[in-house]
Amino acid sequence: LLRSMREARDAPAVHKASLAALRAHKPDAVAFACEGVDDKKVYFHWIRNSQIKFGYEFIVCNGKEKVLKFRELLRRDVTGLNKGVYFFIDKDFDGLKGYDKGPDVYVTETYSFENALVTSEVLREILTVDMHCHSAPQIRDAVVEKFEEVYSSFLDVTRAHNHRIYLARRLGIDSKPLPDKLNRLATVSLLKVGFADKSVNEAIVLDREPSQSEINQHDADFCSLDPKRDYRGKFALLFFVRWLELLGKDRNSEESFLFKRAMKPSASATIQYSLDSIASRSLPPGSFKEFIGAISVDKQESAPVNAVLG
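Note that the structure is a prediction, hence the values are computed from the model and not measured.

1. Digging into the overall build of the protein
Looking only at helices and strands, the protein has 14 helices and six strands in total. The principal-axis extent of the C-alpha atoms belonging to the protein is close to 65 × 60 × 40 Å. Per-residue burial for the protein yields a buried fraction of 44% across its 310 residues. Within the protein, residue pairs in contact and separated by at least 24 positions form 75% of the contacts whose partners lie at least 6 positions apart.

2. Side note on the pairing of strand β1 (residues 30–34)
In terms of residue burial, β1 counts as a mostly covered element, since five of its five residues are buried. Alternating positions in β1 separate into two faces, Val-30, Phe-32 and Cys-34 on one and Ala-31 and Ala-33 on the other, with burial throughout. Looking at chain direction, β1 and strand β2 (residues 56–60) are connected through five bridges and run parallel. Opposite Cys-34, over in β2, you have Val-60 as the bridge partner. On the question of chirality, the crossover connecting β1 to the parallel β2 by way of helix α3 (residues 37–48) is right-handed. Taken together, the three bridges between β1 and strand β3 (residues 85–89) define a ladder with parallel strand orientation. Note on β3: the bridge partner recorded for Ala-31 is Val-85.

3. A short note on the sheet that holds β2
Two strands in a sheet stick together by hydrogen bonds in their backbones, pointing the same way (parallel) or opposite ways (antiparallel). With parallel pairing, four strands are arranged side by side in an open sheet as β2-β1-β3-β4. If you trace the sheet from one side to the other, it starts and ends with β2 and β4 (105–107), each paired once. Put simply, the sheet's adjacent strands are angled 20 degrees from each other on average, direction ignored. Together, β1, β2 and β3 form the strand contacts of helix α2 (residues 12–25), whose direction differs from that of β2 by roughly 160 degrees. Across the face of the sheet, helix α4 (residues 64–75) comes into contact with β1, β2, β3 and β4 while running at roughly 155 degrees to β3.

4. Some words on the packing of aromatic side chains
Scanning the model with the defined rule gives 28 aromatic pairs in all. Summarising the aromatic geometry, the rings of Tyr-106 and Phe-288 are spaced 5.3 Å apart at their centres and angled 80 degrees between planes, so their arrangement reads as edge-to-face. You can see Tyr-106 sitting in strand β4 and its partner Phe-288 sitting in helix α13 (residues 286–302), a full 182 residues away along the chain. Members of the aromatic cluster, joined through ring pairs, are Phe-32, Tyr-43, Trp-46, Phe-54, Tyr-56, Phe-58, Tyr-86, Phe-88, Tyr-106, Phe-113, Phe-288 and Phe-291. Against the face of Phe-235 rests Arg-232, its NZ or CZ located 5.2 Å from the ring centre. When the ring centre of Phe-257 is taken as origin, the NZ or CZ atom of Lys-260, which lies over that ring, is 5.3 Å away.

5. Re α4
Over its twelve residues, α4 extends 17 Å from the first C-alpha to the last, a length consistent with the 16 Å expected when each residue adds 1.5 Å. All buried positions along α4 are accounted for by Lys-64, Val-67, Leu-68, Phe-70, Arg-71 and Leu-74. With its buried residues spanning 155 degrees around the axis, α4 presents them on a single face. Of the surrounding elements, those touching the buried residues of α4 are α2, β1, β2, β3 and β4.

6. As for the pattern of salt bridges
Under the definition given, this model contains 22 salt bridges. Measuring nitrogen to oxygen at the nearest pair gives 2.7 Å for the salt bridge that ties Lys-26 to Glu-57. With Lys-26 in the loop between α2 and β1 and Glu-57 in strand β2, the pair connects residues that are 31 residues apart, well separated along the chain. The salt bridge involving Lys-249 is made with Glu-245; its shortest N-O contact spans 3.4 Å. Of this pair, Lys-249 and Glu-245 are both found in helix α11 (residues 233–252), four residues apart, which corresponds to roughly one turn of the helix. Of the residues examined, Lys-249 reaches a relative accessible area of 43% and is grouped as partly exposed.

7. A look at the nonpolar core
Counting 72 residues, the largest nonpolar core has Trp-243 and Leu-247 as the members making the most contacts within it. Setting aside chain neighbours within four positions, we find Leu-247 in contact with Leu-123, Leu-127, Met-131, Val-143, Leu-190, Leu-258 and Phe-259. With 16 residues, the next largest nonpolar core counts Leu-19, Leu-22, Phe-87 and Ile-89 among its residues.

8. Remarks on the state of the cysteines
All chains considered together, the criterion is met by zero disulfides. Cys-61 carries a free sulfur, and the closest cysteine sulfur to it, the one in Cys-34, is 7.0 Å from it.

9. Section: the environment of Lys-64
Topologically, Lys-64 is positioned in helix α4. Owing to a relative accessible area of 9%, Lys-64 belongs among the buried residues under this scheme. Spatially, the C-alpha atoms of Lys-64 and Tyr-151 are 27 Å apart, while their sequence positions differ by 87 residues. In contact with Lys-64, not counting residues within four places along its chain, are Glu-35, Ile-89, Asp-90, Lys-91, Asp-92, Asp-94, Gly-95 and Lys-97.

Cut-offs applied
Residues numbered from 1 in each chain as written. Predicted model: local features only at pLDDT ≥ 70, side-chain atom pairs only at ≥ 80, totals over all residues. Heavy atoms only, no water. Helix = DSSP H or I, 4+ residues; strand = E, 2+ residues; numbered from the N terminus. Buried < 20%, exposed > 50% of the residue type's maximum accessible area, 1.4 Å probe, protein only. Contact = heavy atoms within 4.5 Å. Pairing = 2+ DSSP bridges. Right-handed = clockwise from strand over helix to strand, strands pointing away. Axes fitted to C-alpha atoms, helices over the stretch in contact; angles between N-to-C directions. Phe/Tyr/Trp six-rings, centres within 6.5 Å; stacked < 30°, edge-to-face > 60°. Lys NZ or Arg CZ within 6 Å of the ring centre and 35° of its normal. Expected span 1.5 Å × (residues − 1). Arc of directions from axis to C-beta. Salt bridge = Lys/Arg side-chain N within 4 Å of Asp/Glu carboxyl O. Core = buried A, V, L, I, M, F, W, Y, C linked by side-chain atoms within 4.5 Å. Disulfide = S-S within 2.5 Å.

Fair warning: the whole summary comes from geometry, so function is off the table for now.
This is the structure we're talking about:
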């Protein structure tokens, strides 16, 4: 009963009604439909950094499939309600899931937006601002080098987890909820990564096991993936948040390992990081800026002449 109630709450028709109510108050606002609340936080920062010149509102659909079904529902609408509505989805391992491409839908370059947050560039911003390594490029370079080493180890340790999820998505095998705790995937310290106590099959529970022939069929495609860009982004972010916590503690320690040659700051380094704080240090990917830029151009071209001149 609860599941049915949740599904009814998140049904495309409900989002359509929300859109209609939005249009009654803001008829010209662009609407961005996204998968979840976390998506909204990241896209907020990316949109702001894209220097847009139009008003917009978010519609949170609570799931990729629901975003795509909402899009299909609007495409069948004959009242013009779909005008000015755009959709953000994660590429994941299944892309558009068979739905049509179009200028109204943005698919992330990476597995998900989280992958675009777990980068050396974001770490450099954090080191400069939150860990007080300003005017110390040599310290920042050394820390980034260690991060790349430890992150690569994490991706190696979780390769089998990603392979199992990849097979499930490609073969249409249902799974139990994926791990949302880092200790189910790996053990992470400041300098190294180890295997978790849970086996891969215990961490990623599938309704059935793929056959050897099915594994062989998809092996080459999986091996062609770039782990940083194409492995599950939520796992990468779990690692990054934990590693930043350890890094902040090391920066504040009297017996620091990675910052022993750095000047002692007058203020403590930040230890706890949220998705929002990490996203604020990131810049939008090029493809996202192009997507938003195309909307800006479309808005300008469709605006009344007197509005443009005014």
